[in-house]
Amino acid sequence: MATRQTPEEIVATRQVSAGAVLEGRADLRFYHYKHLAVLSDGTVEPERLARLMAAVEHLDAYGWELVTLSPSTDARRLIAILRRRSLG
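As recorded by an unreviewed UniProt entry, the protein chain carries the name DUF4177 domain-containing protein and is attributed to Catenuloplanes nepalensis.

Rendered as C-alpha cells:
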C-alpha cells in the first residue's frame, strides 16, 4: 500500500495525488488554502484521467470545485486545480 500523505505535506506542497484522495490516504481537514492541485496517477493515459476525475468528483462532495485541468510541465501527469467553494 502506498504511503499516507500527511496534512503537513499537503499544506507544504499544496498538492495531493488522486490515489491518496481515492484511497483515503489524504486528510484535507486542516488544509486552509483556497486552491489545491490534484495530481493524476496510474500507468496509462485513460487510467490517469479516470482516476483524476474520480478524485475531483469525490472532493466535490466536500466543497471543492474544478477550476482547470492541464498537463504537468513534464507532460507525464495531468493536474486538476480545485477551488474551495465559499460557504456564504
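Caption draft 1: Layout of the sheet that holds strand β1 (residues 15–17). Read across the sheet, 4 strands follow the order β1-β2-β4-β3 without closing on themselves; strand pairing throughout is mixed. This sheet does not close on itself; its edge strands, each paired only once, are β1 and β3 (64–71). Within this sheet the neighbouring strands show an average axis-to-axis angle of 25°, counted without direction. Relative to strand β4 (residues 78–84), strand β2 (residues 35–39) is paired through 5 bridges, and the arrangement is antiparallel. For Leu-39, the partnering residue across the bridge sits in β4 and is Ile-79.

Caption draft 2: Representation of helix α3 (residues 45–60) in the model. Compared with an ideal rise of 1.5 Å per residue, which puts 16 residues at 22 Å, α3 spans 23 Å between its outermost C-alpha atoms and is within 8% of the ideal. Those residues of α3 not exposed but buried are Arg-48, Leu-52, Ala-55, Val-56 and Leu-59. The buried residues of α3 all sit within an arc of 100° when viewed along its axis, so they share a single face. With respect to the buried face of α3, the exposed residues turned more than 90 degrees away are Pro-46 and Glu-57. The inward-facing, buried residues of α3 contact α2 (18–22), β2, β3 and β4.

Caption draft 3: Structural context of the packing of aromatic side chains. Considering all chains together, one arrives at 2 aromatic pairs under this definition. Ring geometry for Tyr-31 versus Tyr-33: centroids 5.5 Å apart, planes at 65°, classification edge-to-face. For Tyr-31, a relative accessible area of 3% gives the class buried. Residue classification places Tyr-33 among the partly exposed positions, given a relative accessible area of 24%. On the basis of an interplanar angle of 55° and a centroid distance of 5.9 Å, the ring pair of Tyr-31 and Trp-64 is categorised as tilted. Here Tyr-31, found in the loop between α2 and β2, pairs with Trp-64, found in strand β3; they are 33 residues apart in sequence, far enough to count as distant.

Caption draft 4: Representation of the pattern of salt bridges within the structure. Applying the stated criterion across every chain yields a total of 6 salt bridges. With a shortest N-O distance of 3.3 Å, Glu-65 and Arg-83 are connected by a salt bridge. Pair noted here: Glu-65 is in strand β3 and Arg-83 is in strand β4, with a separation of 18 residues, a long-range link. By relative accessible area, Glu-65 is classed as partly exposed at 26%.

Conventions and cut-offs
- Residues numbered from 1 in each chain as written.
- Predicted model: local features only at pLDDT ≥ 70, side-chain atom pairs only at ≥ 80, totals over all residues.
- Heavy atoms only, no water.
- Pairing = 2+ DSSP bridges.
- Helix = DSSP H or I, 4+ residues; strand = E, 2+ residues; numbered from the N terminus.
- Axes fitted to C-alpha atoms, helices over the stretch in contact; angles between N-to-C directions.
- Expected span 1.5 Å × (residues − 1).
- Buried < 20%, exposed > 50% of the residue type's maximum accessible area, 1.4 Å probe, protein only.
- Arc of directions from axis to C-beta.
- Contact = heavy atoms within 4.5 Å.
- Phe/Tyr/Trp six-rings, centres within 6.5 Å; stacked < 30°, edge-to-face > 60°.
- Salt bridge = Lys/Arg side-chain N within 4 Å of Asp/Glu carboxyl O.

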